[in-house]
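Structural characterization, general
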Amino acid sequence: MKRFHYLKPHSIDEALALLNQYGNRAGLIAGGTDVIVMIKQKKMAPEVLISLQGIPGLDQIEFNGGLRIGPMVTHRAIEKSEMIRKQFPALTDAADVLGSVQIRNVATIGGNIVTAAPSADTAAPLLALGAQVKLKSAKGKRTIPTEQFFTGPGETVLQKDEILTEILIPHPLPNTGSAYWKHQRRGALDLPILGVAVLLSLDKATVACSDLLCTASPISTVLHSLEGEEVVCKEVRIALGVAAPTPMRATKAENLLRGKKISDELLDEVAEAAAKEAQPRDSIRGEAWYRRDMIRVLVKRMAMRCIERVLVPEETVFPVRLW
Amino acid sequence: MKQTINFILNGETVSVEIEPHLTLLQVLRDKLELTGTKEGCGMGECGACTVLVDGKTINSCIFPALEVEEKSVTTIEGLTDAQGNLHPIQKAFVEHGAIQCGFCTPGMVLSAKALLDENKNPTEEEIRHGIAGNLCRCTGYLQIIQAIKEVSGQ
């Protein structure tokens, strides 16, 4: 492997000063599960690596009102956080399926989004959860919604002299459920063919037909009952990974559902619209037509999982439905 | 420009002078001659290089050695007791035929240890999830899962 110097600053300001000092010769390293691999593959060749591991406080998860995630929080820490599982389950769904335990123990959420692979597992959930990122340089700070953060495969708005210092997720509306599905060939250590994240806020948390969600009843029967009880979608966000050059929101699909009564026909329309809006490409992991078709299937399934997470009381024990 | 790292290796304090670009795996194998830890893919995908850092499994082939400063590292050599007796997980692997060529075994045993340290009584699904980062091309995993189940008293 190519030689490099390895510096461990003890504060963000010290790290920013080093970034300015070394300019293009330096690279930042968090957990290193992408950076070291890219150096080994000769995709990058920094003379100096500036490690963020020695900076205290960047690995904290705080929840008061909104959620504040430090960039050095590992996927394992997210996977283990009961609070995140309860309030922002789409993020748990993503953290739990990234790489392996060994990778999740080291790989950070900040690193996952800064590397900006179109397949980044946390990107779609963060978009669906309405997350913002805080960036800091020696000149100042700025806060950017995640949908504006990604500009292309491996490219973001992050400047060479900037560091991502915080990820902020707003407190969800009442009766909100979120879910992420990583569509992959293997059960672990794979990149997604597709990532689908959905967030749904409903106008009520209890319905007479909630038991139906825990049975093997056909999805049309379940949705017909929900329609009968006039369950309304107050807010919806649909985010797709590996469906375009960057992680994307399916806003046209969202607009069809927002403020409307949930029904089987409407969810079909929404899923169809999301599939149309996506711009997937042919790659070794999947062809565009297949990805588009699976977006249609998975958007509806993730919407059902959101509904299940809102309407089925937490203590209910029932076999997990695939939807 | 060499740098010195100090860390606890299998219970003993060590101090090593290294080049800053080395991975933990290179330091363990080439500097400290602990060759129990294997290099498979070298890209963090196969888990043959798994060691514990502060009790958590990591892929040492993509872990910068300088990041173990003041941390505690456990390799497969650290699992036997002072008399050289095998760890119960190692014994169970031997008894269940969970080893064939042996190349994945050190990493697999350490993943099993981290899993059982955290969850004394894992379900089969939790065991599979816990060792998903360790590839074995010989056993088909069944004997490994049985060995881990036995250690957890199932």
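Note that the structure is a prediction, hence the values are computed from the model and not measured.

1. Observations concerning the overall build of chain B
In terms of helices and strands, chain B carries five helices and five strands. Listing every helix and strand of chain B by position from the N terminus yields β-β-α-β-β-β-α-α-α-α. Against the 2.2 N^0.38 benchmark of 15 Å for 154 residues, chain B shows a C-alpha radius of gyration of 15 Å, consistent with a compact globule. With respect to the principal axes defined by its C-alpha atoms, chain B has extents near 50 × 30 × 25 Å. Within chain B, the fraction of its 154 residues that count as buried is 50%. Considering only contacts within chain B whose residues lie at least 6 apart along the sequence, 55% involve residues at least 24 apart. As displayed, chain B offers around 7000 Å² of accessible surface, 48% of which is attributable to carbon and sulfur atoms. For chain B, the distance from the average site of its 12 positive side-chain charges to the average site of its 20 negative ones is 4 Å.

2. A closer look at the overall build of chain A
Scanning chain A from terminus to terminus reveals 13 helices and 14 strands. Taken over C-alpha atoms, the radius of gyration comes to 20 Å for chain A, in line with the 20 Å a tight globule of 323 residues would show. Oriented by its inertia axes, the alpha-carbon framework of chain A measures out at about 65 × 45 × 35 Å. Counting across all 323 residues of chain A, residues that qualify as buried make up 56%. The long-range share in chain A, meaning contacts at least 24 apart out of those at least 6 apart in sequence, stands at 66%. Chain A carries 41 positive and 36 negative side-chain charges, and their two centres are separated by 7 Å.

3. A short note on the interface of chain A and chain B
The interface of chain A with chain B comprises 30 residues on the first partner and 31 residues on the second. Here chain A meets chain B over a buried area of about 2400 Å², counting both sides, of which 56% is carbon and sulfur. In terms of surface lost to chain B, no three residues of chain A exceed Tyr 6, Lys 40 and Gln 102 of chain A, which account for 27% of the buried area on that side. Scanning the region where chain A abuts chain B turns up three salt bridges. Here Lys 80 of chain A makes a salt bridge to Glu 118 of chain B, at a shortest N to O gap of 2.7 Å.

4. Section: the domain arrangement of chain B
Residues and elements named next belong to chain B. Looking at the assigned domains, one finds that chain B contains domain 1 (3–78) and domain 2 (88–151). The distance between the C-alpha centroids of domain 1 and domain 2 comes to 21 Å. Contact with domain 1, which involves 16 residues of that partner, is made by 12 residues of domain 2. Our count for the domain 1 to domain 2 interface comes out at zero salt bridges. Summed over the shared surface of domain 1 and domain 2, the result is four residue pairs in polar contact (both at pLDDT 80 or more). Among the elements that make up the side of domain 1 that touches domain 2, the one with the highest residue count is strand β3 (residues 50–53) (three residues). A class-by-class count of the residues in the side of domain 1 that touches domain 2 yields five nonpolar, eight polar and three charged.

5. So, the pattern of salt bridges
In this structure the tally under the stated criterion is 29 salt bridges over all chains. Across the salt bridge formed by Glu 47 of chain A and Arg 25 of chain A, the nearest N and O atoms sit 3.1 Å from each other. With Glu 47 of chain A in the loop between α2 (35–40) and β3 (48–51) and Arg 25 of chain A in the loop between α1 (12–22) and β2 (26–29), the pair connects residues that are 22 residues apart, well separated along the chain. A salt bridge links Asp 190 of chain A to Arg 185 of chain A; its shortest N-O distance comes to 3.4 Å. A relative accessible area of 54% means that Arg 185 of chain A is categorised as exposed. Here the salt bridges do not stand alone but share partners, grouping Arg 76, Glu 79, Lys 80 and Arg 104 of chain A together with Glu 118 of chain B into one network.

6. Quick look at the side chain of Ser 210 of chain A
Take Ser 210 of chain A: it is sitting in the loop between β12 (194–202) and α10 (219–228). Apart from residues lying up to four places away in sequence, Ser 210 of chain A is in contact with Leu 311 and Val 312 of chain A.

7. Overview of the environment of Asn 119 of chain B
Residue and element names in this part refer to chain B. Mapped onto the elements of the fold, Asn 119 is located in the loop between α3 (105–118) and α4 (124–130). For Asn 119, a relative accessible area of 23% gives the class partly exposed. For the pair formed by Asn 119 and Ser 152, sequence separation is 33 residues and the distance between their alpha carbons is 9.1 Å. Side-chain polar atoms of Asn 119 contact the side chain of Glu 126, separated by 3.0 Å.

8. Regarding the nonpolar core
Residue and element names in this part refer to chain A. Of all hydrophobic cores here, the largest spans 46 residues; its most connected members are Leu 200, Ile 238, Leu 240, Leu 257, Ile 262, Ile 295 and Ile 307. Elements with a contribution of two residues or more to this core: β12, α10, β13 (233–241), α11 (251–257), α12 (264–277) and α13 (288–311). Here the element with the most residues in this core is α13; it accounts for 11 residues. Apart from residues no more than four positions distant in its own chain, Leu 200 is found in contact with Asn 175, Thr 176, Gly 177, Cys 233, Glu 235, Val 236, Leu 257, Ala 303, Cys 306, Ile 307 and Val 310.

About the thresholds
Residues numbered from 1 in each chain as written. Chains lettered and ligands numbered in written order. Predicted model: local features only at pLDDT ≥ 70, side-chain atom pairs only at ≥ 80, totals over all residues. Heavy atoms only, no water. Helix = DSSP H or I, 4+ residues; strand = E, 2+ residues; numbered from the N terminus. Rg over C-alpha atoms; globule rule 2.2 N^0.38 Å. Buried < 20%, exposed > 50% of the residue type's maximum accessible area, 1.4 Å probe, protein only. Contact = heavy atoms within 4.5 Å. Areas by Shrake-Rupley, 256 points an atom, 1.4 Å probe, with all protein chains shown as cover. Lys, Arg positive; Asp, Glu negative; His and termini not counted. Charge placed at Lys NZ, Arg CZ, Asp CG, Glu CD. Buried area = accessible area lost by both parts, 1.4 Å probe. Salt bridge = Lys/Arg side-chain N within 4 Å of Asp/Glu carboxyl O. Domains from an automatic or database assignment. Polar contact = N/O pair within 3.5 Å; in protein donor to acceptor, adjacent residues only side chain to side chain. Nonpolar A, V, L, I, M, F, W, Y, C, P; charged D, E, K, R; others polar. Core = buried A, V, L, I, M, F, W, Y, C linked by side-chain atoms within 4.5 Å.

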